[in-house]
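Structure assessment
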Amino acid sequence: MAKTLALLHCLIILEYLQAATGKSPTLPITMYSPSILASIAALSLALNPLQASAATADEWRGRSIYQVLTDRFARTDGSTSATCNTGEGLYCGGSFKGIQNHLDYIQGMGFDAIWISPVTAQIEGKTAYGEAYHGYWQQDLYSINSHFGTSDDLKSLSQALHSRGMYLMVDVVVNHNGWNGSPDTVDYSSFNPFNEKSQYHTPYCPIDFGDLSDLENLHDCWLGDEKVPLPDLRTEDDDVRQGYEKWIHGLVSEYGIDGLRLDTIMEVETSFWSGFQQAAGVYMIGEAYASGAKYVCDFQDYVPGVMNYGQYFPLVDAFKSTSGSISGLANMVNAVKSECTDMSLVGSFSENHDQPRFASLNGDMALARNLITYTMLADGIPIIYEGQEQHYNALGGSNDPYNREAIWFSQYNTDAELYKLVTNLNKIRKQAISDDGNYLSYNAWPTYTGDHVLGMRKGKMTFVTSNLGSSSSDTTVTIGNTGFSGGAQVTDLISCNTMKANDDGSISVTISNGQSMAFYPSDSTGGLCGSGSNSGDDSSSDDSNDDSSSDNSGDDSSSDNSDDNSSSDNSGDASPSYVVGPPISFTTFTTAGAPATRYADATTTTVYATATATYEARSATTTTDSKPWWHNHNKQRSETGFVKKVRAPAAQETSA
C-alpha cells in the first residue's frame, strides 16, 4: 500500500506539472506491477466515488442500454397509480430518486447502462404543446431540472449505478434552447450561459427537412415553430463552443457521467464535435434522425457512435406485418455496414421517445419478439426503450406524445413475456461476448433471406427472425454459412432446444408460431440452457472469421423463398479488454509496436496510464489516418484518460 500511495502521489504531482507547463511529462509506469496499478485505480475511485467508472468507446461496446424517459419511469413516492395522461404533455412526477429505487427492475433485465433525459432546467409552465417534461426545451445549462430532483439526487443515482457496475448516459442538447412564445418575443437574456442575441442565428426561420443537403438552412434555422420556437445557437462561433466545452466538462466530472447521447446532431455543423468530444472525455452517440445508410453513418467521421436510423426504418417495416419486406432489411444491413466505420458503436434500437410504439403498429406478440430479438443481437449497442419490454402500445395514439407512457402503470411486471425475453437476450449476448473474442467486432451478415425469414450470422452465433406471426403454420428453412462444423451439436439459446448441424454445417430449422431463434455451439453456452462451458474452446464451430462461400439455402423445403447473401463482412479485430481505473490526464505512455511479422501473436500484457495512449495491433509501422481515432479499429488507436490493462489481440493476419 505504501508503494501505491507513493505512486498515486507522483501521479497527482504530474497532473499539476501538466497544468503548469502545458506539457505531458512521462512516467516509467511499466516498472510497477499490474496489481499496484489496479490498487491505484481502486483507491482513486474510493476517493472520488462520483468519478465515471468508464468512458471510452471500447468500454461501451459490450454494454446494453435501457432508455429512461425520466419523468415517466418512476416516482419518488413509489406510486404505481399516479395520474399520467400522455395526451396532455404534462409532468407526471418521475424523478432521479424514482429511477434509483427501481434499478433492480432494470438490472434484472440484464442492462448495465441507462440513458436518461436531459437534466438541465427547462421552460417552466404550460406551452401550446404541454410542459417540458421531456427535457429538450432547456433554458439554463447550469441548473438541474427541479421536477426530476436535486443535484444531490442525480449524484446519488450516479453513485448507485456505479456501485452496481452500471453506466450512466445523459442526453444533452447543444443545438438550441427553448422559448414559450413567438420568435420575436424571445428574451435572450433569460438564457444561461448564452444570454446575448448575437449568440443565436437570427432572424427566425424554420428548418426545411425536405432538403437535408441545404446545410445553411439545416444549421442556421430553428427547430420548433412559432408557438414554441427553439432558438438556434451559433455553434460555429468560438465563444459558444468554448461555453459548451466548459459546461460539458464540468457536468461529466461533477455527476460521474459515463456517456452522452447527442440530440439533433445533424442540425449542428460537424466541426463542432471534435472540441466537445475532447472536453467531455466520454463515449458519445449522436442522433441523426434521417433515413439512408450513408447520411447517418457519415456522422461517425465526427463522433464515435450514431443511432442506427439507417436500419431503423426497414427494420420496423420488415416486422410490422406478415407482408413486410425481409429483403429490404437484409439489403439495408449490408448498406449500413458498408458505410459505418465501426458497427460495434452504433445504437441498435427499434423504439424510442420519437418513434411509434411497435405494438401500436401491430399487436402480434410473435412479431414483437422477433423485432426485439433482432434489436438485441444485431451489430452495435442494443437499446431498449422503457415500456417496450411491457409491450406498451401508446394508448390514444402511436407517436409522440402517446408513446411516452408512465412505466409505473405496468407495476414493473417482471413476469411480462417481453421482459423475460429481453432478460434472456441480454444473457445470450453477454455469453457470446465472453466466449467469442471476435463477437463484437464481427459484422453480422444475412446468410438467409426469404420472403418471411431472415438468417443472420454474428461470430459463432446464427440467429433467425421472421415476420410469420404467431398464427402461422410451421415453416422449415435450411440456413448455410453458419460456421458450424458438420454434425456439431448446436443449441437455440432462446428455447434451449438442441439439434445437430447438417453434414455441411448448415442447420435446418422449423419455425413454429413465428418464434425467433439464436443458435450457438452447445458446448459453449456457458450454462444458459443447463449445460455447456464458457471456455471459448469450441471444437464444434469453425473460427468466427470463416468466410465460407457455401450456400445451402437452396435446400429449403419450405414455402419461404430465399436469396443467397454470401457477401459476408467479418472484418475487424477483437477489441482489447480493459481493467478501467480513474481518469488520469497528465502523462503519455506509448506501447511498443507489434512484432514486424505477418502475424501479431504476442501475449504480453501491457499496463499504462495515458492521456494519449497509442498501440498498433496489426503493424509495427505507425499508421497515418486523417480520420478520428475511433475509425482505426484495425490500426492505430488513441484514447484519453484511463488506466488500462490491454490484452494483446489473438493471432491475426496483419496487413501486407
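This write-up is about the structure you can find in this document. Residue indices begin from 1 for each chain and proceed along its sequence in written order. pLDDT decides what is reported in this predicted model: residues at 70 or higher carry local features, side-chain atom pairs at 80 or more are listed and counted, and totals for whole chains, interfaces and linings draw on all residues regardless. In computing side-chain values, all of the structure's heavy atoms are included and hydrogens and water are not.

1. Things to note about the sheet that holds strand 2 (residues 113–116)
- Pairing between strands is defined by DSSP: at least two bridges between them are needed. Note on conventions: DSSP H or I runs of at least 4 residues are helices, E runs of at least 2 residues are strands, and numbering of each starts at the N terminus. Taken together, eight strands build an open sheet; the order of strands is 10-9-8-5-2-1-12-11 and the sheet is parallel. Each edge of the sheet is formed by a strand with only one pairing partner; in this case those strands are strand 10 (305–306) and strand 11 (347–348).
- Here strand 5 (residues 167–172) pairs with strand 8 (residues 259–262) via four bridges, running parallel. Paired with Asp171 across the bridge in strand 8 is Arg261.

2. As for the side chain of Ser117
- Note on placement: Ser117 falls in the loop between strand 2 and strand 3 (120–122).
- Separated by 3.0 Å, the side chain of Ser117 and the backbone nitrogen of Thr70 make a polar contact. Polar contact is defined as a pair of N or O atoms within 3.5 Å, subject to the rule that within protein one atom must be able to donate a hydrogen and the other to accept it, and that residues adjacent in sequence are counted only when both atoms are side-chain atoms.

3. Observations concerning the pattern of salt bridges
- Any carboxyl oxygen of Asp or Glu within 4 Å of a side-chain nitrogen of Lys or Arg constitutes a salt bridge here. Scanning the model with the defined rule gives 22 salt bridges in all.
- In this structure, Asp104 and Arg164 form a salt bridge, with 2.8 Å as the shortest nitrogen-oxygen distance. Of this pair, Asp104 sits in helix 6 (residues 103–108) while Arg164 sits in the loop between helix 7 (151–163) and strand 5; the two residues are 60 residues apart in sequence, bridging distant segments of the chain.
- The residue Arg261 makes a salt bridge to Asp263 at a minimum N-O spacing of 3.1 Å. Of the two residues, Arg261 and Asp263, both sit in the buried class.
- A network of salt bridges, in which partner residues are shared, links Asp171, Arg261, Asp263 and Glu287. Any residue under 20% of the maximum accessible area for its type is buried, any over 50% is exposed, and the rest in between are partly exposed; the area is computed with a 1.4 Å probe on protein chains only.

4. A word on unusual backbone geometry
- For the bond running from Asn192 to Pro193, omega is 10 degrees, close enough to zero to count as cis.
- With respect to the element layout, Pro193 can be found in the loop between strand 5 and helix 8 (215–220).
- Of note, Thr264 is a non-glycine position whose phi angle comes to about 45 degrees, a positive value.
- Phi at Gln411 takes a positive value of approximately 60 degrees, unusual for a residue other than glycine.
- Inspection of the secondary structure assignment puts Gln411 in the loop between strand 12 (381–385) and helix 16 (417–435).

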